[in-house]
Structures are given as structure tokens and as C-alpha cells.
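# Report on the structure
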Amino acid sequence: MAFYSEDIVGDIREGNDIVDVVSSYINLKKSGASHFGLCPFHREKSASFSVHSDKQMYTCFGCGASGNVYSFIMKIENYDFVEAVQHLAARINYALPEERSDYAKKAQNEKKLIYDMNVVAARFFYDNISASASLYLDKRGIHPKIRKKYGLGYASDEWHKLYNYLQKQGYSKKMILKSGLVKESEKGKIYDRFRDRIIFPIFDASNRVIAFGGRALSSESLPKYLNSPETPIFDKSKNLYSINYAKQAKLNEIILVEGYLDAISVYQAGFHNVVATLGTAIGINQAKLISKYTNTVAIAYDNDDAGITATLRAIAILSEANLKIKVVNLKTANDPDEYLKLFSPDDFAKEIETAKNHVDFQIDNIKKDFDLQKTEDKIEFTKHVSEVLAGLSQIEQDAYILQLTQTTGISQSAIKSEISRPDIPQRKPKTRTITPEQEERRGLRDAKKNIINLIANSYFVYEKLHENYTHLN
Ligand code: UTP
Ligand code: MN
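What comes next is a walk through the structure. Small disclaimer: the values here were computed from a predicted structure and weren't measured.

### Section: the overall build of the chain
When you go through the chain residue by residue, the secondary structure sums to 21 helices and 16 strands. Taken across its 473 residues, the chain has 46% of its residues classed as buried. Taking contacts inside the chain between residues at least 6 apart in sequence as the whole, the part at least 24 apart equals 62%. With the model as given, the accessible surface of the chain reaches about 24,600 Å², and the carbon-plus-sulfur share is 51%.

### Let's talk about the site of ligand 1
Taken together, 14 residues are adjacent to ligand 1, and R140, R215, K224, Y225 and D335 come closest. The separation between an oxygen atom of ligand 1 and a polar side-chain atom of Y225 is 2.8 Å. Within the contact set of ligand 1, an oxygen atom lies 3.5 Å away from a backbone nitrogen or oxygen of G279. When the free accessible area of ligand 1 is taken as 580 Å², the share hidden by the protein chains comes to 76%.

### Some details on the side chain of N244
For N244, the location among the structural elements is in helix 10 (residues 243–246). Only 3.0 Å separates the side chain of N244 from the side chain of N207, close enough to count as a polar contact.

### Some points on the packing of helix 17 (residues 375–389) against helix 19 (residues 412–419)
Following both chains from N to C, one finds helix 17 and helix 19 inclined at 60 degrees, their axes separated by 9 Å at the closest point. Between helix 17 and helix 19, the interaxial angle falls into the category oblique. Crossing hand, helix 17 versus helix 19: right-handed. Taking contact as the criterion, the partners of T382, K383, S386 and L389 in helix 17 are, on helix 19, I415, E418 and I419.

### As for empty space enclosed by the protein
Tallied over the entire structure, the rule returns two cavities of 30 Å³ or more. When its volume is computed, the largest cavity comes out at roughly 50 Å³. Lining the largest cavity we find I363, K367, F381, V385, L389, Y400, Q403, L404 and T407. Elements with a contribution of two residues or more to the lining of the largest cavity: helix 16 (358–367), helix 17 and helix 18 (394–408). Of the residues belonging to the lining of the largest cavity, the class tally is six nonpolar, two polar and one charged. What the second largest cavity holds in volume is close to 40 Å³. F124, F125, N128, Y154, A155, S156, K161, L162, D192 and F194 are the residues that line the second largest cavity. Looking at the lining of the second largest cavity, the elements with two or more residues in it are helix 5 (102–127), strand 6 (153–155) and helix 8 (161–168). Grouping the amino acids of the lining of the second largest cavity by side-chain chemistry returns six nonpolar, two polar and two charged.

### Quick look at the packing of aromatic side chains
Taken as a whole and assessed by the stated rule, the structure comprises 25 aromatic pairs. Considering the side-chain rings of F49 and F72, the 6.2 Å spacing of their centres and the 50 degrees angle between planes classify their relative orientation as tilted. Here F72 lies in helix 3 (residues 69–77) and F49 lies in strand 3 (residues 49–52), a separation of 23 residues in the sequence. Residues F49 and F72 agree in their burial class; the two are buried. Among the aromatic residues, those joined into a ring-pair cluster are Y150, F200, Y225, Y241, Y245, Y260 and Y267. In this structure, K75 packs its charged tip against the face of F41, placed 4.8 Å from the ring centre. When the ring centre of W159 is taken as origin, the NZ or CZ atom of R195, which lies over that ring, is 3.9 Å away.

### Let's talk about the pattern of salt bridges
Under the counting rule described, the total for this entry stands at 17 salt bridges. Among the ionic pairs, D337 bridges to R140, the shortest N-O distance being 2.8 Å. Taken together, the residues span a long stretch of sequence, with D337 in helix 14 (residues 336–342) and R140 in the loop between helix 6 (131–139) and helix 7 (144–149) at a distance of 197 residues. Linked by salt bridges that have partners in common, E110, K174 and K178 make up one network.

### Notes on the nonpolar core
Among the nonpolar cores identified, the biggest contains 62 residues, and F125, L181, F212, Y241, I255 and F348 are the most heavily contacted of them. At eight residues, helix 5 tops the list of elements feeding residues into this core. Per-domain counts for this core show at least three residues from each of domain 2 (102–234) and domain 3 (243–362).

### Some points on helix 5
With 26 residues, helix 5 ought to run about 38 Å at 1.5 Å a step, and its terminal C-alpha atoms sit 37 Å apart, in line with that. Every buried residue belonging to helix 5 is among A104, E110, I114, Y115, M117, N118, V120, A121, A122, F124 and F125, and all of these are buried. Of the surrounding secondary structure, the elements contacted by the buried residues of helix 5 are strand 6, helix 8, helix 9 (173–179), strand 9 (197–203) and strand 10 (209–216).

### Topic: the sheet that holds strand 15 (residues 324–327)
Spatial ordering of the open sheet is given by 13-12-14-15-16, a layout of five strands whose pairing is mixed. Edge positions in the sheet fall to strand 13 (274–276) and strand 16 (356–357), since each of these pairs with one other strand and no more. For strand 12 (residues 254–257) and strand 14 (residues 296–299), the ladder comprises three bridges, and the chain directions are parallel. Bridging across to strand 14, L256 finds its partner in I299. Those strands touched by helix 11 (residues 260–268) are strand 12 and strand 13, and its axis lies near 170 degrees from that of strand 13.

### A few points about the sheet that holds strand 11 (residues 225–227)
On the basis of which strands lie adjacent, the open sheet formed by four strands has the order 6-9-10-11 and antiparallel pairing. Of all strands in the sheet, those bounded by a partner on one side alone are strand 6 and strand 11. Going from strand to strand, the sheet's axes swing by 35 degrees on average, the running direction of each strand aside. Pairing analysis gives three bridges linking strand 6 to strand 9, with the strands arranged antiparallel. Of the residues in strand 9, the one forming a bridge with G153 is I199.

Conventions we followed
- Residues numbered from 1 in each chain as written.
- Chains lettered and ligands numbered in written order.
- Predicted model: local features only at pLDDT ≥ 70, side-chain atom pairs only at ≥ 80, totals over all residues.
- Heavy atoms only, no water.
- Helix = DSSP H or I, 4+ residues; strand = E, 2+ residues; numbered from the N terminus.
- Buried < 20%, exposed > 50% of the residue type's maximum accessible area, 1.4 Å probe, protein only.
- Contact = heavy atoms within 4.5 Å.
- Areas by Shrake-Rupley, 256 points an atom, 1.4 Å probe, with all protein chains shown as cover.
- Near = heavy atom within 4 Å.
- Polar contact = N/O pair within 3.5 Å; in protein donor to acceptor, adjacent residues only side chain to side chain.
- Axes fitted to C-alpha atoms, helices over the stretch in contact; angles between N-to-C directions.
- Parallel < 35°, antiparallel > 145°, perpendicular 65-115°, else oblique.
- Left-handed = near helix turned anticlockwise from the far one by under 90°.
- 1 Å grid on protein atoms, 1.4 Å probe; cavity = no way out; pocket = protein on both sides within 12 Å on 5 of 7 lines; lining within 4 Å.
- Points joined across faces, edges and corners; volume = space filled by probe spheres on them.
- Nonpolar A, V, L, I, M, F, W, Y, C, P; charged D, E, K, R; others polar.
- Phe/Tyr/Trp six-rings, centres within 6.5 Å; stacked < 30°, edge-to-face > 60°.
- Lys NZ or Arg CZ within 6 Å of the ring centre and 35° of its normal.
- Salt bridge = Lys/Arg side-chain N within 4 Å of Asp/Glu carboxyl O.
- Core = buried A, V, L, I, M, F, W, Y, C linked by side-chain atoms within 4.5 Å.
- Domains from an automatic or database assignment.
- Expected span 1.5 Å × (residues − 1).
- Pairing = 2+ DSSP bridges.

By themselves these figures say nothing about function.
This is the structure in C-alpha cells:
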């Protein structure tokens, strides 16, 4: 962890007007001495998030979040204090001195080493494309240009090829292990993690190689896909495949797919605004990453039951990040990759343009389970749809209630009272809801973190702690 003096922390705070900083994330409207907007930290329909220019503080009357420009950045970017200082310093071109503890220096050096090693490994895989791997990529219809763009490579089926190579390049056993590129057996034998697999380097938004995915060439070898483990530079819940390209694509929405090859095919078809998750369900940090670049997501997950379940989950998560959500219809194709083999890029563009909004998608999905000719089914159907509508704004509710009345014949007033039943399950966010106790605990934890960070960033306190605890290093 770096340590910045109070002066520096103060200078940077003064240089970053909180209204400007917050405005780059949400729309603010001036009203009296404050600015108001929709709180980025919880889902709401009316603006209870206020920013005070003279106090340089923000407060949300809805969820209780409050703080200064540092806590805002920490919360919204998921940064620790030091990262927030660095972020805000960069924002105003403030040159930070290199004040770092030995421990922080070591961690930083280790990270840098792993970034470097990953580049070396990615090149190694890229240069190692075998005839069979090349044939496989041809069969999958990936053009050489795109292969290069995504740095696709191959890991041979030898046990120590990469390990030996990295050692020859001067990397230590300890660091090679930390990179996740090799594994250690119980007997202490080290071997390459990826063998006989097509390699997909995973880049972060800043174009750094943070990890790898590997696809088996034959359907017999399992698992089909293997990923790097979590390392000091890889957190799969915070990154998205192809985000480095999607962030540059000046298009209205981001297309969200499940697989690496889906992303590549969609990119190849001319849609550069595509990202894929990294072998797990999408999480809130990934939703926030998307919301840095766009306000609309078009979900194009697999066209099967698992895909629909994943889509419903994604809808809940993405709406927590206040994103507009559409769901792409892949017709007879199983996934976007297959869609683009069966249909044209123009067709795909139309699917995106005409994609249903997530409410229609959810309603149609419920409809599948019922026979609306039967009164009983009509009632059950209406109850389920009401759960979806309960999570919407008044205006949206009105529009859908009208539609629902037309399909079921049930009166608007009956639907309205169903929606406003106090015990109606909030179907929309199927994710965790936070209790007030949890909210308070979070607040306390954040406050403690802030205090510790502030203390740690006072040079005086740091020196004192350092004197007393150097033996711990
Ligand atoms: P899919 O099984 O849908 O594969 O997994 P796919 O993308 O269609 O791939 P191809 O077309 O058969 O090659 C989707 C994603 O889930 C993760 C990977 O990230 C993959 O891209 N996954 C899948 C794993 O992590 N492990 C697995 O064993 C399978
Ligand atoms: Mn596929």
C-alpha cells in the first residue's frame, strides 16, 4: 500500500470538485444549494442522492450512503483508498510522489512481474499454434486477422513446455506458480496448467494480459474450458472478456454473451461492442464495469433453459447497476456463434435492434407456462406478472397493466391492487435484498475502513507504526 501525506490527500481532494466527479457517473440537477440525482448505490426511481458543492459531500436519503469525493470513488469504482487517491490524482494530472512501503513495493513488483510473464506466455502460445490447432480455428471459422486481434494461441500437450520456457526467461519457480500458468502436484512436481488447448488470453480494459482461458480440442477432454485461477492480477468477477475492444466501440449498447467464441464471432461479424463473462454468472462488479461505457445491454446468452435462467439472473444484476436491458432472440440458433453461422450479420443487427426489453422478455417467459384460455391459468399468470411489474416505475407499470388487461381480461384495478400487495415478492431482483441491519453493518465496516485508511495515510502515524512494527515485515 502506498502512503500519501495529508497535504497530498488534501490537495487532490480540493482539485476534484465533487459535483464534477459525481456528474461523470450520474446526471445531477441543481436545486438550491445542492445537486440531486438517482443514487448510483441503490436502485431508486426518484432522486434522493444529493451532492453539496460547498460542503463537498454527498448524501443519499434512500440508502444512507454519504461521504466525500474519496469515499464516492472508493464505493463506485470498488477501489481502496490508495487507488482512489491515484485515480483522482490522474483525473487532475497531479503528479504523485513515489511513496511506498516495502511491502507495497514488493506486491507491486510481483504484480508487474506477472503482467510481464503473461505477455511472454501469450506470445509463447501464439507462436506455438500447431497444425491441428490451426485447423480447429479454421473449422470454427475464425479469420487469421481476428486470431491475431485476440492473440489466440495453443498450448501443446507436453507437461513442462511452458514451465521450462519461463524458467529459461529467468522467472522463478515461486513467481511462475503465482501466475497460475503452472500447477504443483501433491508430490511437489510442477506441470503446465494448459495442455493441448486453444488459448484465449484475457485482457483487461487497459489491454493488459491478466489471465488465460483454454479450450480442449477434442470433445473427450474435460473440462471443455479451463481458466487461470485467481491470481494477484486476476479477479474473474471484475473483468469481462473483450472489454478492451468493446470500450472503444462507439455504439449504443454493449452486447453480453456467455462464451469466448461467441464474443469472437460477434466481433468478427462487425459488432465490436461485445463482451463475455469469464465462465461464471455475471456479478455486480461486471455490471458496473459495463455501466462505465454504456447505459444499455443487449443480452445474447445461450438459447436453452440454462441460458434463460442465466438471462433472468443477469437482468436482476444489470438492473441493480441501473442499466437498460434488452434480450436478443437467437431464433433457431443455440448461441450467437451459431447464429452467425446460420444467419447474416445484418440479421443479427436486426435482432439487436428489435430485441425485447427485459420486461417483455420476462412476461413472455412466464406466458410459456400457462394456457391463457383457462381461467385458472389466467389468474396464476397475472399473479406472476404482477411480481415482475412490482419492481417497475409507475409509468412502466401503467403501460404493462393495460397490456395485461388486454391479454387476460382481468381489470386494471384488480391488477393494481395485486401489484401493491405489501407481501408481493419482489420478483425482479432475484438477488439478495439487503436488510437494514446489513446496511448498517456495511456502513460501519466502510467507516472503519475509511478511518484505517486515513490513519495509514498520515505519514506521521505511518512512521510511528513502522518503527514499532518493522519486525512484522
Ligand atoms: P459453452 O459451453 O456455452 O461454450 O460455455 P461455448 O462458448 O459455446 O463454446 P464452444 O462454442 O463450444 O467452443 C460458455 C462459457 O462458459 C465457460 C467458458 O467461459 C465458455 O466460454 N465454461 C464452459 C467454462 O468455464 N468451463 C467449461 O467447462 C465450459
Ligand atoms: Mn458455442
